[in-house]
Amino acid sequence: MKLFVGLDVSLEKTAICVINEHGKIVREAQAASEPEALTRWMRELDGTIAAIGLEAGPLSQWLHRGLTEAGLDVVLMETRQVKGALKAMPIKTDRRDAEGIARLLHLGWFRPVHCKSVSAQEVRAVLGARKAVQQGFIALEMSLRGLLRNFGLKVGAISRGRFEQRIRELVAGNPMLLAATGPLLRARSFLRQELAGLERRVRQLAQDDPVCHRLMSMPGVGAVVALTYRSAVDDPSRFTSSKKVGPWVGLTPSRNQSGERDVSGGITKAGDVSLRRALCQAATVMMHRGRSTWLRTWAAQIARRRGAKRAMVALARRIGVILHRMWVDDTAFRSDLVVPHAA
């Protein structure tokens, strides 16, 4: 008998629900959130496992990799769709969530998610560390500005290199403010050094990767954007068409139709948030800095007709499509093409 297994993963324990091909619950249990423990539990089932489903999350890719290496058929399910389906349950528990995942798997009503390679996850870890240090660095600067503003001391617009000197000038002669700002300045200095080291590491990773080096031939695409795109897409062959990258990353218009109502709103914001932000940053840089290209001219035509914000989104979507085609075709960006008509 074919069995469908739903896993609701938490940090320590994983709720398991097994249903047969007729939709009847065969077994329910809990096991440690470890690939070895889950594999042992699956081996004890009496029947043929048709599929194992688990919602995409922090531990999911690690568990997916471990279970796949053990020879089990595992599917990562899109988080947004799973959560939408499970909202129909009046009572939410781990046990019921595991049952809901198993039934979605049985019905086939789910969207599979690509499990990223180990190298892609490692690059994302470096990018995530850089982002966290950068946010901490900025937060300390804003805290220092806010702290001094209460005493009428205004830092003003100043470069990062002169920021510490400016703070010390403002608090000179006040021992209480010296005691308050000293630890923050030392922490800021340490974070600045760590951020510079991570920046060098990111640039080196991009230069050493031939795919990222090729992607950076497009104006506006730097090391961070190239690595973010490389690690998010991971395997370009999973897209049958480059045009599918736009909807996948959530840069296409949303639509809500029911009866007489038909509303087209903003973008769907589906998919990878970090990639969507990176593409929007690349589009913003391309529109306002650097040399003029046919792609920038195309975005300028849209901006005149539809506004700068829509042009930025359209350009970000097109950048994602072109980067995929550059990756697949093993070609660099060409700035000498004929300007296409703005659609």
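Bear in mind that the values here come from a model prediction, so they are computed numbers and not experimental data. (Residues numbered from 1 in each chain as written. Predicted model: local features only at pLDDT ≥ 70, side-chain atom pairs only at ≥ 80, totals over all residues. Heavy atoms only, no water.)

(A) Representation of the sheet that holds strand E3 (residues 25-32). Pairing is mixed across the open sheet formed by 5 strands, whose spatial order is E3-E2-E1-E4-E5. Two strands close off the open sheet at either side, each with one partner strand: E3 and strand E5 (74-77). Ignoring strand direction, the axes of neighbouring strands in this sheet form an average angle of 20°. Strand contacts of helix H1 (residues 35-43): strand E1 (2-9), strand E2 (13-20), E3 and strand E4 (48-55), with the helix running at about 155° to E3, the strand carrying the most contacts. (Pairing = 2+ DSSP bridges. Helix = DSSP H or I, 4+ residues; strand = E, 2+ residues; numbered from the N terminus. Axes fitted to C-alpha atoms, helices over the stretch in contact; angles between N-to-C directions. Contact = heavy atoms within 4.5 Å.)

(B) Up close: the packing of helix H9 (residues 223-233) against helix H11 (residues 273-288). Where H9 meets H11, the axes come as close as 9 Å, and the angle between the chain directions of the two elements is 145°. Between H9 and H11 the crossing geometry is left-handed. Here H9 contributes Val225, Thr228, Tyr229 and Ala232 to the contact with H11, which in turn contributes Ser274, Leu275, Ala278, Leu279 and Ala282. Among the residues making up the contact of H9 with H11, the classes are represented as 7 nonpolar, 2 polar and no charged. (Left-handed = near helix turned anticlockwise from the far one by under 90°. Nonpolar A, V, L, I, M, F, W, Y, C, P; charged D, E, K, R; others polar.)

(C) Geometry of the packing of aromatic side chains. Inspection of the entire model under this criterion finds 3 aromatic pairs. Centre to centre, the rings of Tyr229 and Trp327 are 6.4 Å apart; their planes meet at 55°, and the pair counts as tilted. Of this pair, Tyr229 sits in helix H9 while Trp327 sits in helix H13 (residues 308-329), and the two are 98 residues apart along the sequence. Judged by its relative accessible area of 0%, Tyr229 is buried. Here Trp327 falls in the buried class, since its relative accessible area comes to 10%. Between Phe239 and Trp248 the ring centres are 5.1 Å apart and the planes differ by 70°, which places this aromatic pair in the edge-to-face class. Note on Phe239: relative accessible area 10%, which makes it buried. For Trp248, a relative accessible area of 23% corresponds to the partly exposed category. Above the ring of Trp298, the side-chain terminus of Arg318 is found at 4.4 Å from the ring centroid. (Phe/Tyr/Trp six-rings, centres within 6.5 Å; stacked < 30°, edge-to-face > 60°. Buried < 20%, exposed > 50% of the residue type's maximum accessible area, 1.4 Å probe, protein only. Lys NZ or Arg CZ within 6 Å of the ring centre and 35° of its normal.)

(D) Broad picture of the side chain of His324. Tracing the chain through its elements places His324 in helix H13. Beyond its immediate chain neighbours, meaning those up to four positions away, His324 contacts Tyr229, Pro236, Phe239, Ser242 and Val245.

(E) Local environment of the packing of helix H5 (residues 118-149) against helix H6 (residues 160-171). Interhelical geometry of H5 versus H6 gives an angle of 25° and a closest axis separation of 12 Å. For the element pair H5 / H6, the angle class is roughly parallel. Here H5 and H6 pass one another in a crossing that is left-handed. Residues Phe137, Ile138, Glu141, Leu144, Arg145 and Leu148 of H5 touch H6, and the partners they reach there are Arg160, Phe163, Ile167, Leu170 and Val171. Residues belonging to the contact of H5 with H6 are distributed by class as follows: 8 nonpolar, no polar and 3 charged. (Parallel < 35°, antiparallel > 145°, perpendicular 65-115°, else oblique.)

(F) Broad picture of a positive patch on the surface. Residues Lys269, Arg305, Arg306, Lys309 and Arg310 make up a contiguous surface patch of positive charge. Of note, Lys269 is situated in the loop between strand E7 (261-267) and H11. The exposed category is assigned to Lys269, whose relative accessible area is 52%. (Patch = residues over 30% accessible without salt bridge, like charges linked within 9 Å, V, L, I, M, F, W, Y side chains within 5 Å. Areas by Shrake-Rupley, 256 points an atom, 1.4 Å probe, with all protein chains shown as cover. Salt bridge = Lys/Arg side-chain N within 4 Å of Asp/Glu carboxyl O. Lys, Arg positive; Asp, Glu negative; His and termini not counted. Charge placed at Lys NZ, Arg CZ, Asp CG, Glu CD.)

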